[in-house]
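Commentary on secondary and tertiary structure
As a plain string of letters, each chain reads:
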There are 2 protein chains.
Amino acid sequence: MTEKLTALKQRLQEISDLTDALGLLSWDQSTYMPPGAAAVRGRQQATLGRLVQEKQIDPEIGRLLDDLRPFEESLPFDDDDASLIRVARRRYEKAIKVPPALLAEFYAHSAQSYQAWAQGRPANDFAAVRPYLEKTVDISRRIADCFPGYEHIADPLIDFFDDGMTVGRLLVLFADLRKQLVPLVESIADQPAPRTDFLHRHYPEADQLAFGLDIARQFGYDTERGRLDLTLHPFMTSFSPYDVRITTRVKEDDVSEALFSTLHEAGHAIYEQGVDLAYDGTPLAGGTSSGVHESQSRLWENQVGRSLSFWRHYYPRLQETFPDALRDVALHDFHRAINVVRPSLIRTEADEITYNLHIIIRFDLELALLEGRLAVKDLPEAWHARYESDLGVHAPDDRDGVMQDVHWFSGVVGGAFQGYTLGNLLAAAFLARARDAHPEIDGEMAEGSFTTLHGWLRDNVYRHGSKYTPPELTERVLGGPLTIDPYVGYLRHKYGGLYDLTT
Amino acid sequence: MTEKLTALKQRLQEISDLTDALGLLSWDQSTYMPPGAAAVRGRQQATLGRLVQEKQIDPEIGRLLDDLRPFEESLPFDDDDASLIRVARRRYEKAIKVPPALLAEFYAHSAQSYQAWAQGRPANDFAAVRPYLEKTVDISRRIADCFPGYEHIADPLIDFFDDGMTVGRLLVLFADLRKQLVPLVESIADQPAPRTDFLHRHYPEADQLAFGLDIARQFGYDTERGRLDLTLHPFMTSFSPYDVRITTRVKEDDVSEALFSTLHEAGHAIYEQGVDLAYDGTPLAGGTSSGVHESQSRLWENQVGRSLSFWRHYYPRLQETFPDALRDVALHDFHRAINVVRPSLIRTEADEITYNLHIIIRFDLELALLEGRLAVKDLPEAWHARYESDLGVHAPDDRDGVMQDVHWFSGVVGGAFQGYTLGNLLAAAFLARARDAHPEIDGEMAEGSFTTLHGWLRDNVYRHGSKYTPPELTERVLGGPLTIDPYVGYLRHKYGGLYDLTT
């Protein structure tokens, strides 16, 4: 049996190594690649992607997994080898269900659709992208249909990103959340807006980069196994837990964009770096889902990085770094400025609270498209209607309306959005649990130390990597399923300190 | 037949794409990779290397090549498709002759041997590396024996680097060359050494980098399809002609190291970028041999970049860039300083003339090891004896003696050195031919323009990539086989202007 396990591990490691090489091709594409290489890079990525896929669905993996079933069943559920076999089987069974021809069609269409969007969005030309989006909806439905037995057609698509999560569960969570958020946003919007002008003074690039990276290191980001580079659209990428890189972009007239994007991506990276190193090269390495990943980016960016405790320590340092810009700005004014709540059009620029409403709108529209209740041609109108009803804003065009996000134009419709809000909910739930176990966390934070919090997250969440599905992990860490209560409690407590929420 | 050709091209393109990904893993390893990733990166490289090798020896390629033989024979020799089939067949037939087990042994041993050298060299511990070198000689002989019918055991090894070149030819070329060089060096060494102290004043890093890259661009290096980064041991690497990168290292107390290493690597890169873009993804892309590649690095670095014509234009610019360091230094003094000829211990720091003697010593010792005339245990002594007789210098230890170069400790013994001197010979021969065709080249150079020279090299050498073997290319460009005459003529002319060579 050891021989079969070794053979399985060798195949999985080969897939992992190839996937890492593919990751490096993408990282390089977004950081240092010379512009003339764009077309060739696409071809290199397609070749490696095809090889990865061939190896993922190699029937020999299926045979090894079958042969290893008695061995797996002889081990406890939590055993690393049992978990490796279990997770590898789940991925293999998912992978073989989608016919290679459909997958090839999906990749080819995604690339074309992305091109159409990249040209059509600046031109505000929804008509140009519409046929691509229609085909994307069609392909998404056909991919979902490879997994018969679903309750909702979006369930198999969601499962790719947030294993074990369903439309049924999400609709309940999101409806409850929306009921809390809409009045909260309204009650804040009625009050005078805090000053934010000083956030847009002059902040030199090199100092911004050094300041953000210094905090990321304090959080627990290990630059012996990572690095920070500049890019256009910030991201985190991991080529094994030994090499987890983050990127950011800097505007010299904005002190918050690079800082919070760095802390966000560092949160993702700290999760990846915290996975048990023994899982390297196996399907257990890497975060377990989109939602759990987003919980860590959001925890470190928002629930820590925009907290008053945190800035009690770091604001004097920020003032020292940018004395001309911040000499006359008090801690509380700065803290209010980086936590302004204001209904707006653009998801990625939205505040911590309204962000969820952007997500819920997209999630609901995805379901309507997949169910066939909404035609792509009617999507712009439905978009505008929901933005007016939920956020009270109206995009002047489709560029910042239905064409705002890349997601629907470079992949499937369905599955890619819910993780952001699940992340907010999970972050608050994890943080509440960590505080229960270690009430000293906030005191430490106010002294610039995050060791206890990072240690708790590493021991309870990070080190497991993909060993547990999100529901398994939630059960294990929280002692039950995810609820919205910790998050709503967190928002009420935090924003109660910033605004009068008694109305 | 078109179908078979398409099938062959697809397979070759897959190999090319994987090789390019492997190249990016190495580039990243030497530039931006965080230190903690070292071990994992080695594994990723081994995985991709194994995949490339599997694909290179896939019998289906052999079948396609067999099927395509009548098609190939129906086409002119110079036809691109005929050349592609011819070159692919030559590579395939070479690749399948080495048993995978021997190749695996070679790779594993090379990695271990490199490790032993990296530790043993600083400790001056030849005893520690000796068993590794003994095994390297053994493996090298076994690899050579995979190609029966050779005249000299080093011939098959040389053929990997310089296709078509043999020990027989090289011994004649090198003996003739040595006969010219030794007295030339002696006659220069008798004369007063020029001043070089000003080369070691303070030269800020950023200015050095910008100055070198600016010249590389003027030579013809296209930074839309390339870039310059910092590294420990400078190199050029190419991931298709659309992405050809160079690296350098900078010492702020040395104006020449970064500059000439940049021009050297840029020469390699200009060659790669100049290959017909239609060859991308095929075995015709990339330079044809070690010697022809080195001819371009050496042509641009030395025969152009250390010439008086060149500095007539660039020296005033260098003085403007580093006014404090060079204000009091005249053009002719600077030109003499960067062309000092002086027998020394270290190959990579040797001047243009004595460099060849370092190469010839290594080449002769390689032959002796492979023939069994010299045992590894006696190599240090033989090394010191040759350095005394040929260069009149004696290394105080083995660190800068037999352990000086990485080559023997990270690959085969045999094949890796002759290309450097072949490059010098070829560079002079090509340049002489270009000057015959375009006598205006030197005048242009003195005005900072290299368009005519670059165009001639592109049309006659670069664009062909690997279409022609070195002997085929030499015949085509020079109208006959390579001789030492243009190089010796070049040296006599250049150094006759710097020293009194009438003695």
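This report concerns the structure included in the present document. (Residues numbered from 1 in each chain as written. Chains lettered and ligands numbered in written order. Predicted model: local features only at pLDDT ≥ 70, side-chain atom pairs only at ≥ 80, totals over all residues. Heavy atoms only, no water.)

Notes on the side chain of A:H293
- With respect to the helices and strands, A:H293 occurs in helix α12 (residues 290–304).
- Apart from the residues lying within four places of it in its own chain, the contact partners of A:H293 are A:M236, A:H268, A:Y271, A:E272 and A:G287. (Helix = DSSP H or I, 4+ residues; strand = E, 2+ residues; numbered from the N terminus. Contact = heavy atoms within 4.5 Å.)

Re the relation of the copies chain B and chain A
- At an RMSD of 0.0 Å, chain B and chain A line up after a rotation of 180 degrees and a shift of 0.0 Å along the axis. Accordingly, the operation relating the two chain copies is best matched by a two-fold axis. Residue B:A21 of chain B places its C-alpha closer to the rotation axis than any other residue of that unit, at 3.3 Å.
- A share of 100% of interface residues in chain B that are also interface residues in chain A marks the association as one of identical surfaces. (Least-squares fit on C-alpha atoms with pLDDT ≥ 70 in both.)

Overview of the interface of chain B and chain A
- Across the boundary between the two partners, chain B contributes 38 residues, which contact 38 residues of chain A.
- Linking chain B with chain A are ten salt bridges.
- Between A:D17 and B:R43 there is a salt bridge, with the nearest N and O atoms lying 2.8 Å from each other.
- Counting across the chain B and chain A interface gives 20 residue pairs in polar contact (both at pLDDT 80 or more).
- Secondary structure elements with two or more residues in the side of chain B that touches chain A: α1 (2–31) and α2 (38–56) of chain B.
- Broken down by element, the side of chain B that touches chain A gets its largest block of residues, eleven residues, from α1(B). (Salt bridge = Lys/Arg side-chain N within 4 Å of Asp/Glu carboxyl O. Polar contact = N/O pair within 3.5 Å; in protein donor to acceptor, adjacent residues only side chain to side chain.)

Quick word on the packing of helix α10 (residues 205–219) of chain A against helix α13 (residues 308–321) of chain A
All names here are of chain A.
- Relative orientation of the contacting elements α10 and α13 amounts to 155 degrees, with a least axis distance of 11 Å. In terms of orientation, α10 lies roughly antiparallel with respect to α13. Between α10 and α13 the crossing geometry is right-handed. Only F310, W311, Y314, R317, L318 and T321 of α13 make contact with α10, whose side of the interface consists of D207, F211, D214, I215, Q218 and F219.
- When the residues that make up the contact of α10 with α13 are grouped by side-chain class, the tally is seven nonpolar, two polar and three charged. (Axes fitted to C-alpha atoms, helices over the stretch in contact; angles between N-to-C directions. Parallel < 35°, antiparallel > 145°, perpendicular 65-115°, else oblique. Left-handed = near helix turned anticlockwise from the far one by under 90°. Nonpolar A, V, L, I, M, F, W, Y, C, P; charged D, E, K, R; others polar.)

Section: helix α3 (residues 59–67) of chain A
All names here are of chain A.
- Among the residues of α3, those classed as buried are I61, G62, L64 and L65. Each buried residue of α3 sits inside an arc of 165 degrees when the element is viewed along its axis, so together they form one side.
- Buried positions along α3 lie against α1 (2–31), α2 (38–56), α4 (69–73) and α5 (80–97).
- One side-chain oxygen at the N-terminal end of α3 lies 2.9 Å from the backbone nitrogen of E60; it belongs to D58. (Buried < 20%, exposed > 50% of the residue type's maximum accessible area, 1.4 Å probe, protein only. Arc of directions from axis to C-beta.)

Looking at the pairing of strand β3 (residues 244–248) of chain A
All names here are of chain A.
- Across the five residues that make up β3, a large majority, five, are buried.
- Side chains of β3 alternate between two faces, with V244, I246 and T248 and R245 and T247 buried alike.
- Taken together, the three bridges between strand β1 (residues 228–230) and β3 define a ladder with parallel strand orientation. Bridge pairing links L230 to T248 in β3.
- Here three bridges tie strand β2 (residues 236–238) to β3, and the two strands are oriented antiparallel to one another. When the bridges of β3 are listed, M236 appears paired with I246.
- Here β2 folds back onto β3 in antiparallel fashion, the turn holding five residues, of which S240 has a positive phi close to 95 degrees. (Pairing = 2+ DSSP bridges.)

Points about unusual backbone geometry
Residue and element names in this part refer to chain B.
- Unlike most non-glycine residues, N124 shows phi in positive territory, near 55 degrees.
- Its place among the elements puts N124 in the loop between α6 (100–120) and α7 (126–144).
- Here the phi dihedral of S240 falls at roughly 95 degrees; this positive angle occurs in a residue that is not glycine.
- Positionally, S240 belongs in the loop between β2 (236–238) and β3 (244–248).

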